[in-house]
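If you want the building blocks of each chain, they are given just below.
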Amino acid sequence: MLSPKIHADRRARLAAAVNGPILLMGSGDRPRNLPMSTVAFRQDSSFLYFTGCTHSGAALTIVDGRSTLYLPEPADDDALWHGASRTIAELGETLGFERVRPSGTLEADVADLDDIATIAIPDLAQTQRASQMTNCPLRFGQDNGDDRLISAIIQMRRLLSEAELEEMRATAQITRTAHLAAMAATRPGAHEREIAAAFQHEVSRAGLSLAYPSIVTVRGEVLHNFEYVNTLSDGQLLLLDGGAEAASGYATDVTRTWPVSGRFSDRQRAAYDAVLAAQLASIELVRAGTRYRDVHTKSSHILATFLSDEGLLRCDADAAVETGAHALFFPHGVGHLIGLDVHDLENFGDRAAYPAGRQRSTQFGTGYLRLDLDLEPGMVVTVEPGFYVVPAILDDPQLRAQFSSLVDFERAAEWAGFGGIRIEDDVAVTSGDPEVLTEAIPKAPDELCAAVGS
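This structure is a prediction, so every number in the text was calculated from the model and none was measured.

A. View of the sheet that holds strand β2 (residues 59–63). One open sheet accounts for four strands, arranged β1-β2-β3-β4; its pairing is mixed. Every interior strand has two partners, whereas the edge strands, β1 (22–25) and β4 (100–102), have only one. Across this sheet, the average inter-strand angle for adjacent strands is 20 degrees, counted without regard to direction. With four bridges connecting them, β1 and β2 associate as antiparallel partners.

Dropping the structure here:
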């Protein structure tokens, strides 16, 4: 966990950047079906970043450089249901706050403040409450709040400190253990949900949580496939996209793909080698000053060469990347920022990931590139190229017409049922060589196959 001093220093920097009253809301409990039965709690990431507070229903004000933490007071019968609890003053002291107030006093305390800067958070009720107190229209993911505050949060959160990187390194070790457990549990006749359970068991056993619902599927061509419905069969590929999240909120995001039997077919191995070559070459470009779009383009060129060699494309790699023909088999961006959120800062839209003067491409596939910044030391990004045989893409009439001279659709039909391959790691930008935070998780073909069914 990060120390209270780190959070206090962050609040001081935020106050200096905004130069006015600040209100940040924490997430509250949300009912799952009954009022007393709630969904799993996860604190808003920006609130967590500045407070370290994981308590439901909290809020923070920063006025004239002075921070006040607001916490809900325990109900009269709280000890009966939840055991003895600390006072809000004691909780605040643990978090390094000198000023702690009951949440119920928040509205009265900010009533006389003018020009309060605030942001929307995932919790609708807390967002509406902030909107009413500040007279600022707020809607999470759209009307995100005060520009000064958003800019300051983006600038601060986008570059990770050594302490934050240590959180991610430690979390990556648990993610490695979980991936190895999933590989070991893989065998023909097993079920996707067994593999998902083996992965989650190791994460939970270490006292961590899943950073996002794991993707565990033999239908890897479905990019965000969260259903566990298939029994594993010999000859199939299993794709697992999963990561652990530290108690401090810092995430990992790792994808590995391996053969259910522990043996690649010739076609599978050729495709796997191409994806791995693309990933390794792209990781080499994750250096200070590199434009992240160039990281994506490197993977695209290597995969396009493979597609051309396999006869899936009727053009060379340069023509494929220029026209976007390769994206029929690599239809997403090569990665994104990662930190306190798996897709870090994406709640603020492209503002955090595309600098002024750069917009998303209108080209199919490349338009899904989530990041186009020039890389700086302290950024952590994912690098996750893939190769997929997606019927919904290859059978699409508009795409078939657009790429009829560039893609051999009859040849592509021979790959039906192949599934998908993705290889993903979390990579820190340094002042020198890239640091692959998740490099200990096997991905070399022989090492990977040795772990399957072990």
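Following the structure, the description resumes.
B. Helix α1 (residues 4–18), seen in detail. Counted at 1.5 Å a residue, the expected span for α1 with its 15 residues is 21 Å, and the 21 Å between its end C-alpha atoms agrees. Residues of α1 that are buried: His-7, Arg-10, Arg-11, Leu-14, Ala-15 and Val-18. Here the buried residues of α1 occupy an arc of 135 degrees about the axis, which is enough to place them on one side. Exposed and facing more than 90 degrees away from the buried side of α1 are Lys-5 and Ala-16. Buried residues in α1 make contact with β1, α2 (45–51), β2, β3 (66–71), α7 (147–158) and α8 (162–185). Trailing α1 by a residue or two, Asn-19 shows a phi angle of about 55 degrees, which is positive.

C. Main features of the nonpolar core. Within the largest apolar cluster, 79 residues are counted, with the highest numbers of intra-cluster contacts made by Leu-313, Phe-329, Val-381 and Phe-387. If one sorts the elements of this core by residue count, helix α10 (residues 266–284) sits on top with seven residues. Excluding anything up to four places from it in sequence, Leu-313 contacts Ala-304, Leu-307, Ser-308, Ala-320, Ala-325, Phe-329, Leu-406 and Val-407. With 44 residues, the next largest nonpolar core counts Ile-153, Met-168, Ile-338 and Ala-428 among its residues.

Procedures and definitions
- Residues numbered from 1 in each chain as written.
- Predicted model: local features only at pLDDT ≥ 70, side-chain atom pairs only at ≥ 80, totals over all residues.
- Heavy atoms only, no water.
- Pairing = 2+ DSSP bridges.
- Helix = DSSP H or I, 4+ residues; strand = E, 2+ residues; numbered from the N terminus.
- Axes fitted to C-alpha atoms, helices over the stretch in contact; angles between N-to-C directions.
- Expected span 1.5 Å × (residues − 1).
- Buried < 20%, exposed > 50% of the residue type's maximum accessible area, 1.4 Å probe, protein only.
- Arc of directions from axis to C-beta.
- Contact = heavy atoms within 4.5 Å.
- Core = buried A, V, L, I, M, F, W, Y, C linked by side-chain atoms within 4.5 Å.

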